[in-house]
Amino acid sequence: MDYRVIALDLDGTLLTSQKQLLPESINAITRAKAAGYHVLIVTGRHHSAIHPIYQTLQLTDPAICCNGTYSYDYQKHSVINSDPLPAKDTEIVIESLRQAKIKGLLYAGEAMYYEQPTPHVIRTQAWAEQYPSELRPVFRQVNDLLSLVESGEPLWKFALAHSDLPQLHAFADHVEALAEVVCEWSWKDQIDIAKRGNSKGKRLAEWVNAQHLSMDQVVAFGDNDNDLSMLELAGIGVAMGEAKQAIKDRCQVVIGSNEQPSIAKFIEERLL
């Protein structure tokens, strides 16, 4: 097969547990680009939280953000295609969060919004200190997340992290029954909530088709439930070593840990 696209999840996949790029990964991706591969980041992150990684890798292709809610062109600083949350469903999720007493982030427009700092916010802001201010993720505190609904900004997704996993599971079931949303696990204690029908696989396939390529020409790397849609559609779906067995079972290839140059080794040995 003439593989032409490399699609990379970030957290738990391309990034180490310290949210760093391995030098070997940077070198392998640089060589892949020189060999003519399209390289896309396909992530649950907001585009402002991808910016430093995108610049380090010197990518030129769009990024697919918020689990496929939108694609983003960094050269033009603009959204390409998107399916944001409807206002009504956003209001339902916010009210449900209040009733459950779960803190959440709402990704909207150019920033990530919160009412009270969460561990996610604190960790990400600390990670961002290593980068120049213009490359750091954009967080904004608001008194009421409902103000975002009224602002007219596109509402990308919610990110919820909670220590009580049974409660988080129950919350996901609750809001999926009330609103036209999908809840996907993006980390062991985090659920992302986006408009139903959005997925990494759907948005990636949309971009691939626009390039007159096919998903059979895609090699996708991921580690979690929110990656499955692209892993299963790709010509080669590659699961990371720390992925759950249920993820590994649905991929053609399983490689090593994200703490090791496993992705670089695969690219060097199988694609170059």
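Above this note sits the structure.
Residues numbered from 1 in each chain as written. Predicted model: local features only at pLDDT ≥ 70, side-chain atom pairs only at ≥ 80, totals over all residues. Heavy atoms only, no water.

Student: Mind showing me how you'd approach the sheet that holds strand β8 (residues 139–141) here?
Tutor: Strand pairing in a sheet takes place through backbone hydrogen bonds and is either antiparallel or parallel in direction. Strand order in the open sheet made by the six strands is β8-β7-β6-β9-β11-β10, with mixed pairing throughout. A single partner strand is all that each edge strand has here, and the edge strands are β8 and β10 (181–187). Strand-to-strand, the axes of this sheet are offset by a mean angle of 25 degrees, without reference to chain direction. Sheet topology note: the β10/strand β11 (residues 190–195) ladder contains six bridges and is antiparallel. Residue Trp-185 lies in a different strand from β11, and its bridge partner there is Ile-191. (Pairing = 2+ DSSP bridges. Helix = DSSP H or I, 4+ residues; strand = E, 2+ residues; numbered from the N terminus. Axes fitted to C-alpha atoms, helices over the stretch in contact; angles between N-to-C directions.)

Student: I tried to follow the pattern of salt bridges on my own but got confused; where do I start?
Tutor: Between side chains of opposite charge, a pair can form as their charged atoms come close. Taken as a whole and assessed by the stated rule, the structure comprises 14 salt bridges. Here Glu-268 makes a salt bridge to Arg-31, at a shortest N to O gap of 2.3 Å. Of the two residues, Glu-268 sits in helix α11 (residues 262–271) while Arg-31 sits in helix α2 (residues 23–34), which places them 237 residues apart along the sequence. The exposure class assigned to Glu-268 is partly exposed, which follows from its relative accessible area of 30%. In this structure, Glu-206 engages Arg-203 in a salt bridge whose closest nitrogen and oxygen atoms are separated by 3.0 Å. Here Glu-206 and its partner Arg-203 are both found in helix α8 (residues 200–210), three residues apart, which amounts to about one turn of the helix. For Arg-203, a relative accessible area of 2% gives the class buried. Residues participating in the shared-partner salt-bridge network are Asp-9, Lys-200 and Asp-227. (Salt bridge = Lys/Arg side-chain N within 4 Å of Asp/Glu carboxyl O. Buried < 20%, exposed > 50% of the residue type's maximum accessible area, 1.4 Å probe, protein only.)

Student: Help me out: how do you make sense of the packing of α2 against α11 in this one?
Tutor: Angle between the axes and distance between the axes are the two parameters that describe a pair of packed helices. Packing of α2 against α11 brings their axes to within 8 Å, and their N-to-C directions diverge by 30 degrees. Viewed along their axes, α2 and α11 adopt a mutual orientation that is roughly parallel. Where α2 crosses over α11, the handedness of that crossing is left-handed. From α2, Glu-24, Ser-25, Ala-28, Ile-29, Arg-31 and Ala-32 reach across to α11, where they touch Ala-264, Ile-267 and Glu-268. Broken down by class, the residue content of the contact of α2 with α11 amounts to five nonpolar, one polar and three charged. (Parallel < 35°, antiparallel > 145°, perpendicular 65-115°, else oblique. Left-handed = near helix turned anticlockwise from the far one by under 90°. Contact = heavy atoms within 4.5 Å. Nonpolar A, V, L, I, M, F, W, Y, C, P; charged D, E, K, R; others polar.)

Student: I tried to follow helix α4 (residues 87–100) on my own but got confused; where do I start?
Tutor: An α-helix turns once every 3.6 residues. As a result, residues three or four positions apart point the same way. Look at α4: 20 Å from first C-alpha to last across 14 residues, which is about the 20 Å you get at 1.5 Å a residue. Among the residues making up α4, those that are buried are Asp-89, Thr-90, Ile-92, Val-93, Ile-94, Ser-96 and Leu-97. Looking at the buried side of α4, the elements it contacts are β6 (104–108), α6 (146–151), β9 (155–161), α7 (165–178), β10 and β11. Trailing α4 by a residue or two, Lys-101 shows a phi angle of about 60 degrees, which is positive. (Expected span 1.5 Å × (residues − 1).)

Student: Quick question: what am I supposed to make of unusual backbone geometry here?
Tutor: Trans peptide bonds make up the majority, and among non-glycine residues the majority have a negative phi. Phi is positive for Gln-58, which is not a glycine, with a value near 55 degrees. Notably, Cys-66 is not glycine yet its phi reads approximately 50 degrees, a positive angle. You can see Cys-66 is positioned in the loop between β3 (63–65) and β4 (70–73).

Student: Can you walk me through the sheet that holds strand β14 (residues 253–254) in this structure?
Tutor: Reading across the sheet, the five strands line up as β2-β1-β12-β13-β14 and stay open at both edges, with parallel pairing between neighbours. Both outer strands of the open sheet, β2 (38–41) and β14, are each paired with one neighbouring strand and no more. Both strand β1 (residues 5–8) and β2 contribute to a ladder of four bridges, which runs parallel. Looking at β2, one finds that Ala-7 is bridged to Leu-40. Sheet strands touched by α11: β1, β12 (218–222), β13 (236–239) and β14. Its angle to β12, the strand with the most contacts, is close to 160 degrees.

Student: Is there a simple way to explain the packing of α4 against α7 in this structure?
Tutor: Put simply, α4 and α7 touch, their axes get as near as 10 Å, and they point 145 degrees apart. The handedness of the crossing between α4 and α7 is right-handed. Residues Ile-92, Val-93, Ser-96, Leu-97 and Ala-100 of α4 touch α7, and the partners they reach there are Gln-167, Phe-171, His-174, Val-175 and Leu-178. Across the contact of α4 with α7, the residue classes tally to seven nonpolar, three polar and no charged.

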